[in-house]
Amino acid sequence: MILKIPTPSNQKRNQSIAVLTSGGDAPGMNAAVRSVVRYGLAHGCKMYGVMKGFRGLLDGHITRLEASSVANVIQRGGTILKTDRCKEFYKKSARKRAAEVLISYGIEGLVVIGGDGSFTGAGLLEKETGFPTIGVPGTIDNDIFATDDTIGFDTAVNTAVEAIDRIRDTASSHDRIFLVEVMGRSSGFIAIMVGIAGGAETVIIPEIKQPVSAVCNTIDRGIKRGKSSSIIVVAEGPKPGLSYRIANDLSKRGYSSKVCILGHTQRGGSPTAHDRLLASALGASAVAYLLAGKSDAMVGMQKGHIVLVPFKNVIGRKRLLPNEILELAQILAI
Ligand code: F6P
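If you're wondering where the values come from, they're calculated on a predicted model, not measured in any experiment.

Peer 1: Where do I start with the overall build of the protein chain in this structure?
Peer 2: Along its length, the protein chain carries ten helices and eleven strands. Seen through its C-alpha atoms, the protein chain measures out along the principal axes to roughly 70 × 40 × 30 Å. Looking at the 334 residues of the protein chain, the share that counts as buried comes to 54%. Put simply, of all contacts in the protein chain between residues at least 6 apart along the chain, 76% involve residues at least 24 apart. Carbon and sulfur atoms form 53% of the exposed surface of the protein chain, whose accessible area is close to 14600 Å².

Peer 1: Please explain the site of the ligand as it appears in this structure.
Peer 2: As a structural note, the neighbourhood of the ligand is formed by R85, I140, D141, M183, G184, R185, E236, H264 and R267. Within the side chain of R85, a nitrogen or oxygen atom sits 3.0 Å from an oxygen atom of the ligand. Within the backbone of G184, one N or O atom sits 3.1 Å away from an oxygen atom of the ligand. Comparing atom positions with the cavity grids shows the ligand to sit within the largest pocket. Taken together, the residues of the shell around the ligand sort by class into two nonpolar, two polar and five charged.

Peer 1: Can you walk me through the sheet that holds strand β1 (residues 16-21) in this structure?
Peer 2: Backbone hydrogen bonds are what pair the strands of a sheet, in a parallel or an antiparallel way. Spatial strand order, β3-β2-β1-β4-β5-β10-β11: seven strands in an open sheet with mixed pairing. For this open sheet the edge positions go to β3 (62-65) and β11 (305-310), each flanked by a neighbour on one side alone. Averaged over all adjacent pairs, the angle separating strand axes in this sheet is 30°, with direction ignored. When strand β4 (residues 109-114) meets strand β5 (residues 133-137), the two strands line up parallel, connected through five bridges. In the sheet register, V112 faces β5, and the bridge partner there is G135.

Peer 1: Is there a simple way to think about unusual backbone geometry in this case?
Peer 2: Outside of glycine, negative phi angles account for most residues, and trans bonds account for most peptide bonds. Positive phi is not limited to glycine here, since N72 has a value of about 60°. Within the secondary structure layout, N72 lies in the loop between β3 and α3 (92-104). A relative accessible area of 60% means that N72 is categorised as exposed. Its identity is not glycine, yet K303 carries a phi of approximately 50°, on the positive side. Tracing the sequence through the fold places K303 in the loop between β10 (297-302) and β11.

Peer 1: Looking at this model, I keep getting lost on helix α5 (residues 153-174). Mind explaining?
Peer 2: Every α-helix carries 3.6 residues per turn, so stepping three or four residues along brings you back to the same face. Taking 1.5 Å per residue, 22 residues should reach 32 Å; α5 reaches 31 Å between its end C-alpha atoms and fits that length. Buried residues along α5 sit against β6 (177-182), α6 (189-197), β8 (230-235), β9 (257-261) and α9 (273-291).

Cut-offs and rules
- Residues numbered from 1 in each chain as written.
- Predicted model: local features only at pLDDT ≥ 70, side-chain atom pairs only at ≥ 80, totals over all residues.
- Heavy atoms only, no water.
- Helix = DSSP H or I, 4+ residues; strand = E, 2+ residues; numbered from the N terminus.
- Buried < 20%, exposed > 50% of the residue type's maximum accessible area, 1.4 Å probe, protein only.
- Contact = heavy atoms within 4.5 Å.
- Areas by Shrake-Rupley, 256 points an atom, 1.4 Å probe, with all protein chains shown as cover.
- Near = heavy atom within 4 Å.
- Polar contact = N/O pair within 3.5 Å; in protein donor to acceptor, adjacent residues only side chain to side chain.
- 1 Å grid on protein atoms, 1.4 Å probe; cavity = no way out; pocket = protein on both sides within 12 Å on 5 of 7 lines; lining within 4 Å.
- Sits in = over half its atoms within 2 Å of the grid points.
- Nonpolar A, V, L, I, M, F, W, Y, C, P; charged D, E, K, R; others polar.
- Pairing = 2+ DSSP bridges.
- Axes fitted to C-alpha atoms, helices over the stretch in contact; angles between N-to-C directions.
- Expected span 1.5 Å × (residues − 1).

This is a description of form; function is not addressed.
Next up, the structure:
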């Protein structure tokens, strides 16, 4: 990752900028908030924090943030600004009210740290009211289009791999098959990376339909080669608990297995150095672009460089798993 923050020549100073975190929290969000605040203060700005995502805009729950407000948070998981999935913000009238609240505080730009749903809200806010917004990708799922990385993904993968290493110990002691379920509602990014890094025998992801018979064949191949235990990583898909259904199907075919759902443990914990660096780079860049009059866009990371991508090229688009990663997972699992 190249930590080169954009310095557009026409950058203004002394603006009033607010930041909020929205949607599912992700480790590193605090590092991003800290970076937004301190970069803004360094450029003479007044900085504000909106509590509980878009909800806080509607409730006028907004506070001034100084350098000390974001002290001692870079290592903390969760988000000090709290977060919410605000259903009311789906309404146009709510977005109009949000812009009015921001203007009443003298705020001139908004940084939204979150995922695709949060960017949808931010994009509509700007489109309908003209209020400048900029998005910072923060989600453990790494499923946002046009950025190679999202804040929290690296930490979530590390958390899950650590758990798998532990599960492997007991799996091999008891000669057991384990289904380890990781997060990823509509994306197998976490599962595939965890599968590769954790040495899983197979990975079940929403992107690729895999019949139970194929899972059984993989287990059998392993047994023939002398393996006495197997780790199968399962992406949760639309509803957590998919692993129990797979375990049931396996049992009908004579394979006994154990299930471990990692769930929200993957969303918590201290962010890795990688996520802290990514968050620091993206947070500062978001403010740099806002001060240069750029908005209606997301800051992202492409091939190690910070990029600015219009919301219309990001929102609602599915980031596909690269084929090379899928192939590598298959080759290494043999
Ligand atoms: O943050 C993304 C994500 O972790 C998904 O992988 C998961 O399905 C979802 O959020 C669950 O979030 P919540 O329990 O907050 O609705």
